[in-house]
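This is what each chain is made of:
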There are 2 protein chains.
Amino acid sequence: MSQNSEWSASAAIWSTRTSLARLDNKWSALVVIALGRGSGLRFGDLRTLVEGVSAKVLTETLRDLERDGLVLRHAYAEVPPRVVYELTELGCTLHAPMRELGDWAERHAEEVLAAREAFDAAR
Amino acid sequence: MSQNSEWSASAAIWSTRTSLARLDNKWSALVVIALGRGSGLRFGDLRTLVEGVSAKVLTETLRDLERDGLVLRHAYAEVPPRVVYELTELGCTLHAPMRELGDWAERHAEEVLAAREAFDAAR
DNA sequence: CTGGATCCCTGGGGATACTG
DNA sequence: CAGTATCCCCAGGGATCCAG
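Note that the structure is a prediction, hence the values are computed from the model and not measured.

1. Regarding the overall build of chain A
The helix and strand tally for chain A stands at five helices and three strands. When the helices and strands of chain A are placed in sequence order, the string is α-α-β-α-α-β-β-α. Relative to its 123 residues, chain A shows a buried fraction of 44%. Of the roughly 6200 Å² of accessible surface on chain A, 51% is carried by carbon and sulfur atoms.

2. Digging into the protein's contact with DNA strand C
Taken together, 16 residues form the shell around DNA strand C, and within it A:T59, A:R73, A:Y85, B:K56 and B:P81 come nearest. Counting only the atoms of DNA strand C within 4 Å of the protein, the fraction contributed by sugar and phosphate is 64%. One of the side-chain N or O atoms of B:K56 is found 2.5 Å from a base oxygen in DNA strand C. Listing elements by their share of the surface near DNA strand C, those giving two or more residues are helix 3 (43–49), helix 4 (55–67) and strand 3 (82–87) of chain A together with helix 4 (55–67) of chain B. Among the elements that take part in the surface near DNA strand C, helix 4 of chain A stands out by supplying three residues, more than any other.

3. Notes on the pairing of strand 2 (residues 71–76) of chain A
Residues and elements named next belong to chain A. Note: strand 2 against strand 3, six bridges, orientation antiparallel. Directly across from H74, in strand 3, lies its bridge partner V84. Linking two consecutive strands that pair antiparallel, namely strand 2 and strand 3, is a turn of five residues.

4. Structural notes on the pattern of salt bridges
Side-chain pairing between opposite charges can occur once the charged atoms of the two side chains come close. Summed over all chains, the structure comprises eight salt bridges over all chains. Where A:D120 meets B:R67, a salt bridge forms, and the shortest distance between an N and an O atom there is 2.4 Å. Of this pair, A:D120 sits in helix 5 (residues 89–121) while B:R67 sits in helix 4, each in a different chain. Two residues, B:R99 and B:D103, come together in a salt bridge whose shortest N-O distance is 3.4 Å. Taken as a pair, B:R99 and B:D103 lie in helix 5 (residues 89–121) at a separation of four residues, close to a single helical turn.

Each value, and the rule that gives it
Think of each chain on its own: its residues are numbered from 1, step by step along the sequence as written. Note on labels: chains are lettered from A, ligands numbered from 1, in written order. The predicted nature of this model means local features are confined to residues of pLDDT at least 70 and side-chain atom pairs, given and counted, to a pLDDT of 80 or more, with totals for whole chains, interfaces and linings taken over all residues. Each side-chain value is worked out from all heavy atoms of the structure, with water and hydrogens disregarded. Secondary structure is summarised from DSSP: a helix means a run of H or I of at least four residues, a strand means a run of E of at least two, and numbering begins at the N terminus for each. Residue burial is assigned from relative accessible area. The probe radius is 1.4 Å, only protein chains are included, and a residue is buried under 20% of its type maximum, exposed over 50%, and partly exposed in between. Computed with the Shrake-Rupley method and a 1.4 Å probe, the accessible areas treat only the protein chains shown as cover for residues. Note on definitions. A residue lies near a molecule or strand when any single heavy atom of the residue is within 4 Å of it. In protein, a polar contact means a hydrogen-donor-capable atom and an acceptor-capable atom, both N or O and within 3.5 Å, with residues adjacent in sequence counting only if both atoms are side-chain atoms; elsewhere, any N or O pair within 3.5 Å suffices. At least two bridges found by DSSP between two strands are what make those strands a pair. We define a salt bridge as a contact between a side-chain nitrogen of Lys or Arg and a carboxyl oxygen of Asp or Glu at a distance within 4 Å.

Laid out in structure tokens, this is it:
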């Protein structure tokens with residue numbers, strides 16, 4: 001491992017990878033960020049906030065997040081139906097780092113795009 | 001937007017999504033985390049550290065990261081060949097939030113798995 | 001309004017073999 | 001050692017229609 005063979009990163013990164021699986025999904029990330037801001041968002045709200053997501057995929061995403069204990073689902077037996085989602089306590093702890101990543105993306109979007117153009121132009 | 005209609009999250013999340021595209025890739029995340037720790041890692045080192053990645057995918061991932069100005073590639077014309085990768089300054093700024101996400105994943109992996117089992121058991 | 005059910009298709013990414 | 005080149009597969013996810 002070159003000159004830094006002392007760190008047992010192998011195992012660490014591997015375990016990271018396991019639960020990073022949920023985070024590698026852009027929809028999951030966006031949903032968590034959205035839910036972390038507003039509290040108690042409805043399905044329709046999320047569809048609007050997370051632009052470009054289809055109902056099917058949003059449903060699946062929410063179910064997976066619920067399954068992983070990150071999101072709570074409250075369904076009210078009304079007509080018309082109303083379903084509200086919110087982050088669990090665990091989900092809230094995820095929101096912070098996720099949000100920072102989102103902030104990074106916003107802050108450096110231009111730089112990335114510029115670098116990309118420069119790279120492409122060089123070919 | 002329920003009761004919190006004042007935040008213009010729509011645009012914010014959307015722009016986030018654009019450059020979050022690179023981050024939604026689990027391989028990208030793992031590579032950035034790995035490169036942020038060791039300085040100047042070789043291709044083979046990365047293959048080892050990021051377990052499970054194929055040579056092809058690692059190559060593509062590194063190329064994309066280089067394209068986005070996050071990674072620098074140094075190839076030495078030797079026999080046998082030696083190629084060293086390192087984070088750019090921009091890449092370093094990404095490493096911090098990425099690392100936090102990785103830390104979150106490590107810290108809460110068990111909780112997530114437990115929640116998942118509980119959820120599945122309930123069906 | 002909130003989703004479940006279907007169909008379908010693209011591309012991420014794995015396996016394998018080869019080259020400079 | 002560090003890739004390239006192919007082949008190939010399947011799951012993520014879009015579109016559409018239906019239902020409680």
